[in-house]
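Residues per chain are reported as follows:
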Amino acid sequence: MLRLLLLGLAVWLLVLLVRYYRRSLGAPKSAAPPQEDMVRCAACGVYLPRSASILRHGAHYCCEQHSERAGQ
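Criteria and thresholds
- Residues numbered from 1 in each chain as written.
- Predicted model: local features only at pLDDT ≥ 70, side-chain atom pairs only at ≥ 80, totals over all residues.
- Heavy atoms only, no water.
- Helix = DSSP H or I, 4+ residues; strand = E, 2+ residues; numbered from the N terminus.
- Rg over C-alpha atoms; globule rule 2.2 N^0.38 Å.
- Buried < 20%, exposed > 50% of the residue type's maximum accessible area, 1.4 Å probe, protein only.
- pLDDT = per-residue confidence, 0-100.
- Polar contact = N/O pair within 3.5 Å; in protein donor to acceptor, adjacent residues only side chain to side chain.
- Disulfide = S-S within 2.5 Å.

Draft legend 1. Structural view of the overall build of the chain. Helix and strand counts for the chain stand at two helices and four strands. If you list the helices and strands of the chain from N to C, you get α-β-β-β-β-α. Whereas a compact globule of 72 residues would reach a radius of gyration of roughly 11 Å, the chain reaches 30 Å, over 25% beyond that. In terms of overall dimensions, the chain has C-alpha extents of about 95 × 20 × 15 Å along its principal axes.

See below:
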């Protein structure tokens, strides 16, 4: 009787493991972060993300000081 219970328990665990494995195969992979365009500062030449740049007179700058100097 004990052997039959142990066999049933082993089959039940095997079924659970197979279900878990099949679900993990169908799960979507972690998405990569979206890529953002890089722009070059017109004053010093450093590259930075477009969202972090300052746009003045059609040129991108990395900081306020560079954008003000270019406007002089």
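Draft legend 2. Region of interest: the environment of Leu-2. One can find Leu-2 in helix α1 (residues 2-26). Among the residues examined, Leu-2 registers a relative accessible area of 60% and is labelled exposed. Taking C-alpha positions, Leu-2 is 48 Å from Ala-31, a pair spaced 29 residues apart along the chain.

Draft legend 3. Examining the confidence of the model for the chain more closely. Averaged over all residues, the pLDDT of the chain is 90; the fraction at 70 or higher stands at 96%. At the low end of the mean pLDDT range in the chain sits helix α2 (residues 64-71), at 85; at the high end sits strand β1 (residues 38-40), at 96.

Draft legend 4. Local environment of the side chain of His-60. Mapped onto the fold, His-60 is located in strand β4 (residues 59-61). Exposure remark for His-60: the relative accessible area of 16% places this residue in the buried category. Polar contacts involving the side chain of His-60 include one to the side chain of Arg-50, which spans 3.3 Å. One polar contact links His-60 to Ser-53, side chain to side chain, over a distance of 3.0 Å.

Draft legend 5. Broad picture of the state of the cysteines. Summed over all chains, the structure comprises zero disulfides. Cys-44 forms no disulfide, and the closest cysteine sulfur to it belongs to Cys-41, at a distance of 3.7 Å.

Draft legend 6. Focus on unusual backbone geometry. One non-glycine residue, His-57, lies in positive phi territory at about 55°. Relative to the helices and strands, His-57 resides in the loop between β3 (54-56) and β4. When its relative accessible area of 77% is taken as the criterion, His-57 is described as exposed.

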